[in-house]
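One letter stands for each residue in the lines below.
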Amino acid sequence: MQLYNLKHPTQVVNFSEAVTLGLGKDRGLFFPTEIPQIKDIDALLALPFAERSKKVLGAWLAEELGQDVVDGLVDRAFNFEAPVAQVDDRRSCLELFHGPTLAFKDFGARFMAQCVSHLAGDKQLTILTATSGDTGAAVADAFYGLANVNVVVLYPEGKISELQEKMFTTLGKNIHTVAVQSDFDDCQTMVKQAFDDPEVRDGLHLNSANSINISRLLAQICYYFEAVAQFYTQHQQAPVVAVPSGNFGNLTAGLFAKAMGLPIQRFVAATNSNDTVPRYLASGQWLANPTVATMSNAMDVSEPSNWPRVEAICAKLEWPLADIQGVMVNETDTSKALKQLEQVGYQSEPHAAIAAHALTLTMDVSEKGLFLGTAHPAKFKDVVDRELGTDLPLPAELAAVANKPSLSVSLNADFAELKAHMFKVLK
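Being a predicted model, the structure only gives us computed values, none of them experimental.

### Focus on the overall build of the chain
So, step 1. Looking only at helices and strands, the chain features 18 helices and 14 strands.
So, step 2. Rg of the C-alpha trace for the chain: 20 Å, near the compact-globule value of 22 Å for 427 residues, within the 12% margin.
So, step 3. With respect to the three principal axes, the spread of C-alpha positions in the chain is 60 × 50 × 45 Å.
So, step 4. In the chain, which comprises 427 residues, the share counted as buried stands at 60%.
So, step 5. Long-range contacts, defined as pairs at least 24 residues apart, comprise 74% of the intrachain contacts of the chain with a sequence gap of at least 6.
So, step 6. When the accessible surface of the chain is split by element, carbon and sulfur atoms take 50% of a total near 15700 Å².

Structure below.
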């Protein structure tokens, strides 16, 4: 597998190098030179999830890593299900929250951890990542206790749910967490600054676990194949797929799946009030407003890092960007969507509710669709309880950390402070 830097196309690397580097020169994203095609989609969709995922990922990686290695990575990473739940006669939810940290990020983080561990050997690495919610928990869980990897997680202080925070700030050992006194975009900027600083990048053998890392995106492709396999069994037609979108890694993975030949009618990019992409798709002008806090806090992103990959896929395959429908769902409509799902007997959380509402707005009468359920409702217990008047019980994974003290340090949104802190705790 060969990938090139979208900012500097002459920088070409293989998968192992892309995973290790994370970002290319000048923070450029790595993008594959070729997208493999699946010839017999029907036969592939008939396979069980793990066996199918081995073939999907093998199409990208077997030539470089060997199919046996790919099979082992999948077996260790994908040991939980991704069921499709029928919500009503036209909508279904792909439930991606049945992993160890109850969020879709478990798929990408666990596969990446296996890749990094396989590739690192005896070398000591530092994973630096920013999270607007679920990435932190998934990455921390995936790398927790690995002898050759330290993890530093940045998150916006006071702007993610308490239970989300507890899942990664209470671990200790090789997991170091930093509450940044700003928003997610500033956290992400600090991560990029670290990769631009040779002393940090090379001195700490830096890598990133955000969705900018290609290994995470490849893993996420697999659950789109699983979604369509289950959806076809129920409906015998290609779905419209609505994706709750923050940093746009999830949509990027879906587009890769479609580019490989997976039958998907079209995509809906659903955002909250941080609606840079829907406005861009409507006007052709990229105008990022200051990030605003919403009840769907994992999507509070105004400068999505993965958007260049979305445009690159569309350009490579000559797909009009207009084929992606951008929909902004405000706070009032998010609340209404949560309640509407409850009324039809499906309990959800704000991010999935946004995608469900966007799906309803964009489907015509002949279509049926899927929306992605990216987190367990209890991860947003405070919001769900407030909006629905419920008292959600905590699943075991959350109950185990609810009363543990946070081990985070609080820092200003200042790269110099972060750099000093990292060298203090990691050296």
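### A look at the pairing of strand E7 (residues 149-156)
So, step 1. Counting buried residues in E7 gives eight out of eight residues, a clear majority hidden from the surface.
So, step 2. Burial along E7 is two-sided: the face carrying Val149, Val151, Val153 and Tyr155 and the face carrying Asn150, Val152, Leu154 and Pro156 are both buried.
So, step 3. In this structure, strand E6 (residues 125-130) lies alongside E7, joined through six bridges in parallel fashion. Paired with Ile127 across the two strands is Val151, which belongs to E7.
So, step 4. Crossover handedness for the path E6 to helix H6 (residues 134-143) to E7: right-handed.

### Some remarks on the packing of aromatic side chains
So, step 1. All chains considered together, the criterion is met by 17 aromatic pairs.
So, step 2. Judged by centre distance (6.0 Å) and plane angle (90 degrees), the rings of Tyr280 and Trp307 are edge-to-face. With Tyr280 in helix H12 (residues 276-283) and Trp307 in helix H13 (residues 307-317), the pair connects residues that are 27 residues apart, well separated along the chain. Each member of the pair, Tyr280 as well as Trp307, carries the same accessibility label: buried.
So, step 3. One aromatic cluster is present, built from ring pairs that chain together Phe49, Phe78, Phe80, Phe107, Phe111, Tyr223, Tyr224 and Phe267.
So, step 4. Its end group placed over the ring of Trp319, Lys258 keeps NZ or CZ at 5.7 Å from the ring centre.

### Looking at empty space enclosed by the protein
So, step 1. Scanning the entire structure with this criterion turns up three cavities of 30 Å³ or more.
So, step 2. Taken together, 25 residues form the lining of the largest cavity, with Phe104, Lys105, Gly246, Asn247 and Ala298 sitting closest to its centre.
So, step 3. Those elements giving two or more residues to the lining of the largest cavity turn out to be H6, helix H10 (214-235), strand E10 (240-244) and helix H11 (249-259).
So, step 4. Take the lining of the largest cavity: its biggest share by element is three residues, from H11.

### Here's the deal with the UniProt feature "modified residue: N6-(pyridoxal phosphate)lysine" (unreviewed entry) in the chain
So, step 1. In this structure's numbering, the residues bearing the UniProt feature "modified residue: N6-(pyridoxal phosphate)lysine" (unreviewed entry) are Lys105.
So, step 2. Turning to its location among the elements, Lys105 is positioned in helix H5 (residues 105-120).
So, step 3. Take Lys105: its relative accessible area is 15%, and that puts it in the buried class.
So, step 4. Excluding anything up to four places from it in sequence, Lys105 contacts Asp134, Thr135, Ala138 and Arg216.

### Topic: the side chain of Thr252
So, step 1. Position of Thr252 among the secondary structure elements: in helix H11.
So, step 2. With residues up to four places along the chain from it excluded, the contact list for Thr252 reads Leu217, Asn306, Arg309, Val310 and Ile313.

### Quick look at the layout of surface pockets
So, step 1. The calculated volume of the largest pocket comes to roughly 330 Å³.
So, step 2. In terms of lining, the largest pocket is formed by 17 residues, of which the most central are Lys7, Lys192, Pro304, Ser305 and Pro308.
So, step 3. Its residues placed into classes, the lining of the largest pocket shows eight nonpolar, four polar and five charged.
So, step 4. Put simply, the second largest pocket is a space of about 230 Å³.
So, step 5. As for the second largest pocket, its lining consists of 16 residues, and the residues nearest its centre are Leu21, Phe195, Arg201, Asp202 and Leu206.
So, step 6. Contributing elements (two or more residues each) for the lining of the second largest pocket: helix H1 (15-21), helix H8 (184-196) and helix H9 (198-203).
So, step 7. For the lining of the second largest pocket, the per-class residue count stands at five nonpolar, four polar and seven charged.

### Notes on the nonpolar core
So, step 1. Phe78, Phe111, Phe143, Ile221, Tyr224 and Phe225 are the most contacted members of the largest nonpolar core, which has 99 residues in total.
So, step 2. Looking at which element gives the most residues to this core, the answer is H10, with 13 residues.
So, step 3. For Ile221, the residues in contact, after removing those within four places along its chain, are Val56, Trp60, Ala253, Phe256, Ala257 and Met260.
So, step 4. Counting residues in each nonpolar core, the second largest holds 29 residues, with Ala270, Met363, Phe380 and Val384 among its members.

### With respect to the environment of Leu370
So, step 1. With respect to the element layout, Leu370 can be found in strand E13 (residues 369-373).
So, step 2. We classify Leu370 as buried; its relative accessible area is 1%.
So, step 3. Taking the C-alpha atoms as reference points, Leu370 and Leu6, 364 residues apart in sequence, are found 31 Å from one another.
So, step 4. Beyond its immediate sequence surroundings of up to four residues, Leu370 is in contact with Val84, Ser92, Cys93, Leu94, Ala227, Phe231, Pro239, Val240, Val241, Ala242 and Leu359.

### Some points on the state of the cysteines
So, step 1. This model, assessed by the stated rule, comprises zero disulfides.
So, step 2. Cys93 carries a free sulfur, and the closest cysteine sulfur to it, the one in Cys222, is 19 Å from it.
So, step 3. For Cys93, a relative accessible area of 0% puts it in the buried group.

### A look at the sheet that holds strand E8 (residues 175-180)
So, step 1. Taken in spatial order, the five strands line up as E9-E6-E7-E8-E14 in an open sheet, and their pairing is parallel. One side of each edge strand has no neighbouring strand; the edge strands of this open sheet are strand E9 (206-208) and strand E14 (409-411). Each strand axis lies, on average, 30 degrees off the axis of its neighbour in the sheet, ignoring direction.
So, step 2. Packing of H8 onto the sheet brings it into contact with E6, E7, E8 and E9, and relative to E6 it is tilted by some 150 degrees.

What counts as what
- Residues numbered from 1 in each chain as written.
- Predicted model: local features only at pLDDT ≥ 70, side-chain atom pairs only at ≥ 80, totals over all residues.
- Heavy atoms only, no water.
- Helix = DSSP H or I, 4+ residues; strand = E, 2+ residues; numbered from the N terminus.
- Rg over C-alpha atoms; globule rule 2.2 N^0.38 Å.
- Buried < 20%, exposed > 50% of the residue type's maximum accessible area, 1.4 Å probe, protein only.
- Contact = heavy atoms within 4.5 Å.
- Areas by Shrake-Rupley, 256 points an atom, 1.4 Å probe, with all protein chains shown as cover.
- Pairing = 2+ DSSP bridges.
- Right-handed = clockwise from strand over helix to strand, strands pointing away.
- Phe/Tyr/Trp six-rings, centres within 6.5 Å; stacked < 30°, edge-to-face > 60°.
- Lys NZ or Arg CZ within 6 Å of the ring centre and 35° of its normal.
- 1 Å grid on protein atoms, 1.4 Å probe; cavity = no way out; pocket = protein on both sides within 12 Å on 5 of 7 lines; lining within 4 Å.
- Points joined across faces, edges and corners; volume = space filled by probe spheres on them.
- UniProt positions renumbered as here; feature names shortened; annotations may be inferred.
- Nonpolar A, V, L, I, M, F, W, Y, C, P; charged D, E, K, R; others polar.
- Core = buried A, V, L, I, M, F, W, Y, C linked by side-chain atoms within 4.5 Å.
- Disulfide = S-S within 2.5 Å.
- Axes fitted to C-alpha atoms, helices over the stretch in contact; angles between N-to-C directions.

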